Amino acid sequence: MTATDSPMKLHVLSTGVMECDHTWLLLQAGNTITDRQHKDKPAAWGEAPTHAVLIETPEGRILWDTGVPRDWEKRWEPTGFQDFFPVQEDPAGPGYLDTALADLELTPEDIDILVLSHLHFDHAANAKMFENGKTRILAQADEIEGVKSIEGEFAGAHLVSDFSGLPLEPVHGDAEIVPGVSVISTPGHTWGTMSLRVDLPEDGTKIFTSDAVYLGASWGPPAIGAGIVWDSVGWLESVEKLRKIQEQTGAEMIFGHDAEQRKGLTLAPDGFYS
Ligand SMILES: [Zn+2]
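Calculation notes
- Residues numbered from 1 in each chain as written.
- Predicted model: local features only at pLDDT ≥ 70, side-chain atom pairs only at ≥ 80, totals over all residues.
- Heavy atoms only, no water.
- UniProt positions renumbered as here; feature names shortened; annotations may be inferred.
- Salt bridge = Lys/Arg side-chain N within 4 Å of Asp/Glu carboxyl O.
- Helix = DSSP H or I, 4+ residues; strand = E, 2+ residues; numbered from the N terminus.
- Buried < 20%, exposed > 50% of the residue type's maximum accessible area, 1.4 Å probe, protein only.
- Pairing = 2+ DSSP bridges.
- Axes fitted to C-alpha atoms, helices over the stretch in contact; angles between N-to-C directions.
- Donors = N, O, S within 2.8 Å, 3.2 Å for Na, K, Ca; no water.

An unreviewed UniProt entry annotates the chain as N-acyl homoserine lactonase family protein originating from Brachybacterium kimchii. UniProt lists a comment for the chain under the heading Sequence similarities (unreviewed entry), and it reads "Belongs to the metallo-beta-lactamase superfamily." Per its UniProt entry, the chain bears the Cofactor (unreviewed entry) comment "Zn(2+)".

Student: Pulling in residues and values, what's your account of the pattern of salt bridges?
Tutor: Side-chain pairing between opposite charges can occur once the charged atoms of the two side chains come close. With the rule as written, the count across this model stands at 12 salt bridges. Of the charged contacts, one joins Asp98 and Arg70 as a salt bridge, the two residues approaching to 2.8 Å between their closest N and O atoms. Of this pair, Asp98 sits in helix H3 (residues 97-103) while Arg70 sits in the loop between strand S3 (60-64) and helix H1 (72-75), and the two are 28 residues apart along the sequence. On the basis of relative accessibility, which here comes to 45%, the residue Arg70 falls in the partly exposed class. A salt bridge links Lys134 to Asp112; the nearest nitrogen and oxygen atoms lie 3.8 Å apart. In this pair, Lys134 is assigned in the loop between strand S4 (113-115) and strand S5 (136-140) and Asp112 in the loop between H3 and S4, connecting sequence segments 22 residues apart.

Student: If you had to explain the sheet that holds strand S12 (residues 204-210) to someone new, which residues and values would you point to?
Tutor: Ordered by their spatial adjacency, 5 strands build an open sheet running S9-S10-S11-S12-S13, and the pairing between neighbours is mixed. Each end of this open sheet is capped by a strand with a single partner; those strands are strand S9 (175-178) and strand S13 (252-255). Between one strand and the next, the sheet's axes are offset by a mean angle of 25 degrees, whatever the strand orientation. Relative to S13, S12 runs parallel, the two being bridged by 4 bridges. Paired with Lys206 across the bridge in S13 is Glu252.

Student: Residues and numbers for the coordination of the zinc ion, please.
Tutor: Each donor-metal-donor angle in an ideal tetrahedron of four donors is 109.5 degrees, and each such angle in an ideal octahedron of six donors is either 90 or 180 degrees. The protein atoms that coordinate the zinc ion are Asp122 (OD), His123 (NE2), Asp211 (OD) and His257 (NE2), at distances spanning 2.1 to 2.2 Å. Within one chain, the residues serving as donors to the zinc ion are arranged as D-H-x87-D-x45-H. Taken together, the positions of His123 in the loop between S4 and S5 and His257 in the loop between S13 and helix H8 (259-262) put the pair 134 residues apart, joining distant regions of the chain. Residue His257 is classed as buried on the basis of its relative accessible area, which comes to 2%.

Student: So what's going on with the sheet that holds S3? Which residues, and what values?
Tutor: Strands sit in the order S1-S2-S3-S4-S5-S8 across an open sheet of 6 strands; the sheet is mixed. Here the strands that pair on one side only, and so sit at the sheet edges, are strand S1 (9-21) and strand S8 (168-171). On average, each strand axis in the sheet is inclined to that of its neighbour by 25 degrees, with strand direction left out of account. With 4 bridges joining them, S5 and S8 adopt parallel strand pairing. What sits directly across from Ala139, in S8, is Pro170.

Student: Mind laying out unusual backbone geometry, listing which residues take part and the relevant values?
Tutor: Look at the link from Gly220 to Pro221: it is a cis peptide, with omega at 5 degrees. Structurally, the position occupied by Pro221 is in the loop between helix H6 (216-219) and helix H7 (232-249). Ala268 connects to Pro269 through a cis peptide bond whose omega is 0 degrees. Note on placement: Pro269 falls in the segment after H8. Of note, the phi angle at Asp65 is positive, near 70 degrees, even though the residue is not glycine. Relative to the helices and strands, Asp65 resides in the loop between S3 and H1. Relative accessible area serves as the criterion here: at 2%, Asp65 is assigned to the buried category. Backbone geometry at Ser210 places phi at a positive 50 degrees, although glycine is not the residue there. Assignment of secondary structure puts Ser210 in strand S12. We classify Ser210 as buried; its relative accessible area is 2%.

Here you go:
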């Protein structure tokens, strides 16, 4: 993870740490969902970190997801989610996407392709930073179609102002983005949630599941569902699809919001995978 001849570099960017009742992420009998005014009540309150992934390839720079927005408290007000998923405001702690890119001496204009795992408020929130006429912005076709059915400002964790008017390019099913970087269609969490597969020359295959799998505990086996799932049967089929690919490739799985797993990851700018 230091000097390398690999043509690829993969940086994991910290893009804000939310807190929430983990009942949202993992169904546990006897729990009811709590807001921050009552966070001392259930044992399930904990961190839900977010990340983005920057991959430097000979074909250009690819960014996967964008994390939470700096103005989350105000922006999430119409949804009420600011009380259920408050972002930690520790100035010494991890930053947001803009500072994470700046730490690598990059700006949004340096990104050739932005790939959005899905259009929820903790993944697509900073997509409009890339409305620069240069960065291509990709999402799964079913997600782009799905959000068209939203009436009003938001539906669930889809906040229309995050992505309205963006020139989203549809990806259909499983697809290679550039050699060594591909998306895996893993619907269920939303209409068109997808996962990212990167085949690194030195560090091997890594699969970033986004919210197709929130936590190591969701992955199992057996897979355990959660409070925010659009289609539970589709969700389970997607987890088992990922499990087959993991078994075939020996891939390392990196889950969407796992605070424990994150402690073992190398985060930018301290290092990268290659
Ligand atoms: Zn999420």
